[in-house]
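# Observations on the three-dimensional arrangement
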There are 4 protein chains.
Amino acid sequence: MDAWRTAIVDSRDGQIRIRGYDVTSLMSAKSFTDTIFLLHQNRLPSDGERRLLDAILIGVADHGSGAPSCAAARLAASGNRRSLSAAVAAGILAIGDEHGGAGSGCMQMIVTAIQRMQAEGLSLEECARRTVEEVRASGARLPGLGHRVHASDPRTSALFAMARDAGVAGNGIAFMEALETAARAAIKPLPINIDGALAAVLHDIGFAPEFGRLVFIIGRVAGLSAEVAEELTREKAMRIRIPVTYDGPPPRPLS
Amino acid sequence: MDAWRTAIVDSRDGQIRIRGYDVTSLMSAKSFTDTIFLLHQNRLPSDGERRLLDAILIGVADHGSGAPSCAAARLAASGNRRSLSAAVAAGILAIGDEHGGAGSGCMQMIVTAIQRMQAEGLSLEECARRTVEEVRASGARLPGLGHRVHASDPRTSALFAMARDAGVAGNGIAFMEALETAARAAIKPLPINIDGALAAVLHDIGFAPEFGRLVFIIGRVAGLSAEVAEELTREKAMRIRIPVTYDGPPPRPLS
Amino acid sequence: MDAWRTAIVDSRDGQIRIRGYDVTSLMSAKSFTDTIFLLHQNRLPSDGERRLLDAILIGVADHGSGAPSCAAARLAASGNRRSLSAAVAAGILAIGDEHGGAGSGCMQMIVTAIQRMQAEGLSLEECARRTVEEVRASGARLPGLGHRVHASDPRTSALFAMARDAGVAGNGIAFMEALETAARAAIKPLPINIDGALAAVLHDIGFAPEFGRLVFIIGRVAGLSAEVAEELTREKAMRIRIPVTYDGPPPRPLS
Amino acid sequence: MDAWRTAIVDSRDGQIRIRGYDVTSLMSAKSFTDTIFLLHQNRLPSDGERRLLDAILIGVADHGSGAPSCAAARLAASGNRRSLSAAVAAGILAIGDEHGGAGSGCMQMIVTAIQRMQAEGLSLEECARRTVEEVRASGARLPGLGHRVHASDPRTSALFAMARDAGVAGNGIAFMEALETAARAAIKPLPINIDGALAAVLHDIGFAPEFGRLVFIIGRVAGLSAEVAEELTREKAMRIRIPVTYDGPPPRPLS
């Protein structure tokens, strides 16, 4: 088998270099969030970029033990107490299109809209109007808008204010705000949710769409770790038994 | 890197052989359970051995959607509908010492007791008495005895009757019955549970202790698959939200 | 939280019933493969259906330690020897669209084609010709046809012969054979591969398309279990280190 | 089912509080590493504590694509390109006693030794000497000492210097240094490795032993994410096929 190739880490002769930087230099002078940025973008972030990435990772770390990811991790820990990695992995496996995954879809929509704006010479507002029309016509939901629980998400305005302060707000935030305006006119008030907010900001600091899901995984793993540690510390093995009602075939004999 | 070595499958020149047998011959003439036996024991089972392994796989396949493994699989499917392998894997990750893993511990106890019986020239009954004493003295529970829910487990007597019918009952079953007798005399009635029953039978048909956990995984994956399929067919995304009560620190400002 | 509802297992009062059948009756009289069929179809299979499902499960159980699923399981076992469920789960996670997942896509194609045949009053042959044209026009590959390694797959003819013997061959097999003929005429000889063969047979014995992926997971878990057991028995911890060539940025100082 | 209880996150009425702190306040003013500390310790870290935790997370993030965790993640991505969470989870599942897990064992040894020092009125040096003797007598290896590859690990001295600068060096570092001295006298030079170094520092900033493994998971997930993103961007599906040599039974017919 040929050696695999990688441009991430070089580990030889007692030295470990991440994207060319000596790991001990990074340890002494940089933060974990700087390193997450470096690992994915091949460069260190500006102060503003790092602050935004920190805010997003904090914003997705944990929203409560009852969410699918946290609950799956606690169930795994309940039956399999000895393996911390199994419990954390079970939590990650509940992350997908429906839970934590909307950011990637929203980033893809932003990329497509901005390319089209440039290719067709449209304004952002016009692009947003057409996006609303087309998504409605297809019967799908607009990614990044609307809330299951809250009327508005306090994390959205916090993120956008930080992005403007840091001078990194760009077309991503502008497009999502235009989309919110267009949706309000065409449908009803649908505030930008956390998925839409993090998609806009991650686009503006240079991340590719798939990072919308990866950033949720990286942030959420901190919460999963704390949830698993709490389950093992506070609760007994096998305490969790979900109540079930059976509505299948009645008792029947093997013929 | 050197090639890995394996004694399981040889796949070359348009032929696939499992432990030396052509896969199409196995497909035409043998059952999946025969193949499970072959993969782990390097030989095909007798009719009796196959029937016992079938019975054990059926016995552990599914006990209800609320068990940690099934519930973890459904939670993962609830948040991540597109990935069937992620949901099944999340279910498997809930299998451990406390859920589905007791069989391995019980098989290890049986192996140790029988080695000691032979080395020290003891009777099975004496061996069982000493095992009860020693486990009690250590403060641990006797693996394979006692039930959380049921007074006795109907699967135990079914398995033991089948083993006797098939002529494969050996020292494993004899030891577990002696252990039950010794425990009744020294403590209280503690019937052999499914973990103890499958451990005794798997020992008697020649499996190593770690297979006690693997057989649970192989059998349960059939149930996990059906649970995940039912979740995706009958339920909406994100329908599962576990209710949570917060009892941590009250609201506090950043100083 | 409301109780979850399920039509699979009822476990109460010392009795476990799967789809209405007492588990001890199933253990005494039926095979694991019967139970897999029952769990997913809510009825027991005919002899022919069971033989076909057995053959498919055997056919996908293991093709060699170097496939992504088996290799991922062995890597996990190499670093995390204590957790059998973690290693098996890691193997399952490598199963997806590109590895083991083509059966589902092929079953979906068969369902769509047969619905169209009935709706538009087309012959199977005409349906197959149009499918070849449309898939080619879209630039995609025809699911279920063509081989990476082998000129033809011996498992395909074995499965189809068994299906005819057992009297369960139906529109699924007929459509795949028509598709092979149409592809040969329009493109080049592209024999039906194992994914296409199991898709055709599973369709003909009544399974829904998503079972195409689930059956691969259920069958492969038997092979993963054997691979993990072999890794733990024959090899030392951490023996696996994939060789890597670094081609990223050269050493650079933190500015 | 009773509601689950948790002291981590309270999410109600449009507000999300982590350990009592409003999440938007944390997003505006704190780093992801502060939040990781808060989630696990129920208080925010000092500047020194945060810098040490940052350094540890950076130190374990990635050592090369060929390690079991990174290679398992890439294998899963190779077969199952659509599911980022499956690939990252597969990587986490390779983390265990042998890969990334030594920190927890070392933290447990430190806790035990320091309790004994206090209970028996021993000096740290005497405690370290006895630990070396006892571990040698048991035939085990001393956790946290010795290197597979490097003569000494540059990350160890970097971490210890940072801990002294930040004023957080305590009994954990002192004990590991005494252990290194005692091992050199009794056996041979065995420098403190990264597991021993992070165990000492995490103990000194107040973490419980199981966090030794969790911190490896949290840090490594950043590297796994980058490895998976690189695999999907640079490589084709199914490019990875591990070479295998078969040494099992020769071809044999079904009797």
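Below or above, wherever it landed, is the structure these notes cover. Keep in mind that this is a model prediction, so the values were computed, not measured.

### Some words on the overall build of chain A
- In terms of regular secondary structure, chain A is built from 11 helices and five strands.
- Taking all 255 residues of chain A together, 63% fall into the buried category.
- Looking at chain A alone, contacts between residues at least 24 apart form 71% of all its contacts between residues at least 6 apart.
- Surface exposure of chain A reaches about 8,900 Å², of which carbon and sulfur atoms provide 47%.

### Considering the interface of chain D and chain A
- If you look at the interface, chain D gives 75 residues, while chain A gives 75 residues.
- Contact with chain A buries area across many residues of chain D, yet D:Trp4, D:Met27 and D:Phe32 alone supply 14% of it, more than any other trio.
- Along the contact surface separating chain D from chain A lie two salt bridges.
- Its salt-bridge partner being A:Glu235, residue D:Arg5 comes within 3.0 Å of it at the nearest N-O pair.
- Summed over the shared surface of chain D and chain A, the result is 18 residue pairs in polar contact (both at pLDDT 80 or more).
- The dominant element in the side of chain D that touches chain A, judged by the number of residues it contributes, is helix H11 (residues 211-234) of chain D, at 15 residues.
- Along the lines of polarity and charge, the residues of the side of chain D that touches chain A split into 39 nonpolar, 20 polar and 16 charged.

### Focus on helix H8 (residues 154-165) of chain B
- If you check H8(B), its first and last C-alpha atoms are 17 Å apart, about what 12 residues at 1.5 Å a residue would give, namely 16 Å.
- Residues of H8(B) that are buried include every one of B:Arg155, B:Thr156, B:Ala158, B:Leu159, B:Phe160, B:Met162 and B:Ala163, and no others.
- Where the residues of H8(B) are buried, they touch helix H3 (47-60), helix H9 (171-186) and helix H10 (194-204) of chain B together with strand S3 (15-18) and helix H1 (23-29) of chain C.
- Between the side-chain oxygen of the N-cap and the backbone nitrogen of B:Arg155 there are 2.8 Å, and the N-cap of H8(B) in question is B:Asp153.
- Phi turns positive one or two residues past the end of H8(B), at B:Gly167, with a value near 70°.

### Points about the relation of the copies chain D and chain C
- You can overlay chain D on chain C at an RMSD of 0.1 Å; the transform is a turn of 180° with a shift of 0.0 Å along its axis. Taken together, the rotation and translation describe the operation of a two-fold axis.
- Take the interface residues of chain D: 100% of them recur as interface residues in chain C, which is what a same-surface contact looks like.

### Points about the relation of the copies chain D and chain A
- In the superposition of chain D on chain A (RMSD 0.1 Å, axial shift 0.0 Å), the rotation amounts to 180°.
- The fraction of interface residues of chain D whose copies in chain A are also interface residues reaches 100%, indicating that both copies meet through the same surface.

### Observations regarding the sheet that holds strand S3 (residues 15-18) of chain D
Residues and elements named next belong to chain D.
- A sheet is described by the order of its strands in space; here three strands give the open sequence S2-S3-S4, paired in antiparallel fashion. This sheet does not close on itself; its edge strands, each paired only once, are strand S2 (9-12) and strand S4 (21-22).
- Taken together, the four bridges between S2 and S3 define a ladder with antiparallel strand orientation. Paired with Arg12 across the two strands is Gln15, which belongs to S3.

### Topic: the side chain of C:Ser104
- Inspection of the secondary structure assignment puts C:Ser104 in helix H6 (residues 102-120).
- Look at C:Ser104 and you get buried, because its relative accessible area is 13%.

### Details of unusual backbone geometry
- Phi at C:Asn42 is positive, roughly 65°, even though this residue is not glycine.
- Checked against the element boundaries, C:Asn42 lands in the loop between helix H2 (32-41) and helix H3 (47-60).
- C:Asn42 sits in the partly exposed class, given a relative accessible area of 33%.
- Its identity is not glycine, yet D:Met238 carries a phi of approximately 60°, on the positive side.
- With respect to the secondary-structure elements, D:Met238 resides in the loop between H11 and strand S5 (244-246).
- The exposure class of D:Met238 is buried, given its relative accessible area of 8%.

### Let's talk about the environment of A:His99
- Relative to the helices and strands, A:His99 resides in the loop between helix H5 (84-93) and helix H6 (102-120).
- By relative accessible area, which is 6% here, A:His99 ends up buried.
- The sequence separation of A:His99 and A:Pro68 amounts to 31 residues, and the corresponding C-alpha distance is 7.6 Å.
- When neighbours within four sequence positions are excluded, A:His99 is seen to be in contact with A:Ala67, A:Pro68, A:Ser69, A:Ala94, A:Phe216, A:Arg220, B:Gly79 and B:Met238.

### Side note on the pairing of strand S3 (residues 15-18) of chain B
All names here are of chain B.
- Side-chain alternation along S3 places Ile16 and Ile18 on a buried face and Gln15 and Arg17 on a face that remains uncovered.
- Linking two consecutive strands that pair antiparallel, namely strand S2 (residues 9-12) and S3, is a turn of two residues; a positive phi of about 50° is found at Asp13 within it.
- Looking at chain direction, S3 and strand S4 (residues 21-22) are connected through two bridges and run antiparallel. Across the sheet, Arg17 pairs through a bridge with Asp22, a residue of S4.

### Things to note about the side chain of B:Ser225
- Checked against the element boundaries, B:Ser225 lands in helix H11 (residues 211-234).
- When residues no more than four places from it in sequence are discounted, the contact partners of B:Ser225 are B:Val88, C:His40, C:Leu214 and C:Ile218.

### A few points about the interface of chain D and chain C
- Taken together, the contacts link 34 residues of chain D with 34 residues of chain C.
- The largest share of the area that chain D buries against chain C comes from D:Leu93, D:Glu98 and D:Met238, three residues that together contribute 21% of it.
- Along the contact surface separating chain D from chain C lie four salt bridges.
- Taking the shortest distance from any N to any O, the salt bridge between D:Arg82 and C:Asp97 comes out at 3.5 Å.
- Along the contact surface separating chain D from chain C lie 14 residue pairs in polar contact (both at pLDDT 80 or more).
- Contributing elements (two or more residues each) for the side of chain D that touches chain C: helix H4 (68-79), helix H5 (84-93) and H11 of chain D.
- In terms of residue count, H4(D) provides more of the side of chain D that touches chain C than any other element does, seven residues in total.
- For the side of chain D that touches chain C, the residue count by class is 18 nonpolar, seven polar and nine charged.

### Observations concerning the packing of aromatic side chains
- Scanning the entire structure with this criterion turns up 10 aromatic pairs over all chains.
- Relative to D:Phe207, the ring of D:Phe37 has its centre 5.3 Å away and its plane inclined at 80°; by these criteria the two rings are edge-to-face. One end of the pair, D:Phe37, is in helix H2 (residues 32-41); the other, D:Phe207, is in the loop between helix H10 (194-204) and H11, and 170 residues separate them in sequence. Accessibility classification places D:Phe37 together with D:Phe207 in one group, the buried group.
- It is A:Arg239 that lies over the ring of D:Trp4; its NZ or CZ is 4.8 Å from the centre.

### Points about the pattern of salt bridges
- Scanning all chains against the criterion turns up 84 salt bridges over all chains.
- As a salt-bridge pair, B:Asp10 and B:Arg12 come within 2.7 Å of each other at their nearest N and O atoms.
- Note that C:Glu120 and C:Arg130 form a salt bridge whose closest N and O atoms lie 3.6 Å from each other. Highlighted residues: C:Glu120 in helix H6 and C:Arg130 in helix H7 (residues 124-138), separated in sequence by 10 residues.
- A single salt-bridge network, built from bridges that share partners, covers A:Arg5, C:Asp247, D:Arg74, D:Glu227, D:Glu230, D:Glu231, D:Arg234, D:Glu235 and D:Arg239.

### Things to note about helix H6 (residues 102-120) of chain D
All names here are of chain D.
- In a regular helix each residue adds 1.5 Å, so 19 residues correspond to 27 Å; H6 covers 27 Å between its end C-alpha atoms and thus fits that length.
- Buried residues of H6: Gly103, Ser104, Cys106, Met107, Met109, Ile110, Ala113, Ile114 and Met117, and no others.
- Buried residues belonging to H6 abut helix H7 (124-138), helix H9 (171-186), H10 and H11.
- Phi turns positive, to about 65°, at Gly121, one or two residues after H6.

### Here's the deal with the environment of B:Thr33
- Residue position: B:Thr33 is located in helix H2 (residues 32-41).
- Residue class for B:Thr33 comes out buried when judged on its relative accessible area of 1%.
- Once residues lying within four places of it in the same chain are set aside, the contact partners of B:Thr33 are B:Arg50, B:Leu53, B:Asp54, B:Leu57 and C:Phe32.
- A distance of 2.6 Å separates polar atoms of two side chains, one belonging to B:Thr33 and the other to B:Asp54.

### Re the sheet that holds strand S3 (residues 15-18) of chain A
- Read from one edge of the open sheet, three strands run S2-S3-S4 (chain A), paired in antiparallel fashion. Of all the strands in the sheet, just strand S2 (9-12) and strand S4 (21-22) of chain A have a single pairing partner and so form its edges.

Quick notes on the rules
- Residues numbered from 1 in each chain as written.
- Chains lettered and ligands numbered in written order.
- Predicted model: local features only at pLDDT ≥ 70, side-chain atom pairs only at ≥ 80, totals over all residues.
- Heavy atoms only, no water.
- Helix = DSSP H or I, 4+ residues; strand = E, 2+ residues; numbered from the N terminus.
- Buried < 20%, exposed > 50% of the residue type's maximum accessible area, 1.4 Å probe, protein only.
- Contact = heavy atoms within 4.5 Å.
- Areas by Shrake-Rupley, 256 points an atom, 1.4 Å probe, with all protein chains shown as cover.
- Buried area = accessible area lost by both parts, 1.4 Å probe.
- Salt bridge = Lys/Arg side-chain N within 4 Å of Asp/Glu carboxyl O.
- Polar contact = N/O pair within 3.5 Å; in protein donor to acceptor, adjacent residues only side chain to side chain.
- Nonpolar A, V, L, I, M, F, W, Y, C, P; charged D, E, K, R; others polar.
- Expected span 1.5 Å × (residues − 1).
- Least-squares fit on C-alpha atoms with pLDDT ≥ 70 in both.
- Pairing = 2+ DSSP bridges.
- Phe/Tyr/Trp six-rings, centres within 6.5 Å; stacked < 30°, edge-to-face > 60°.
- Lys NZ or Arg CZ within 6 Å of the ring centre and 35° of its normal.

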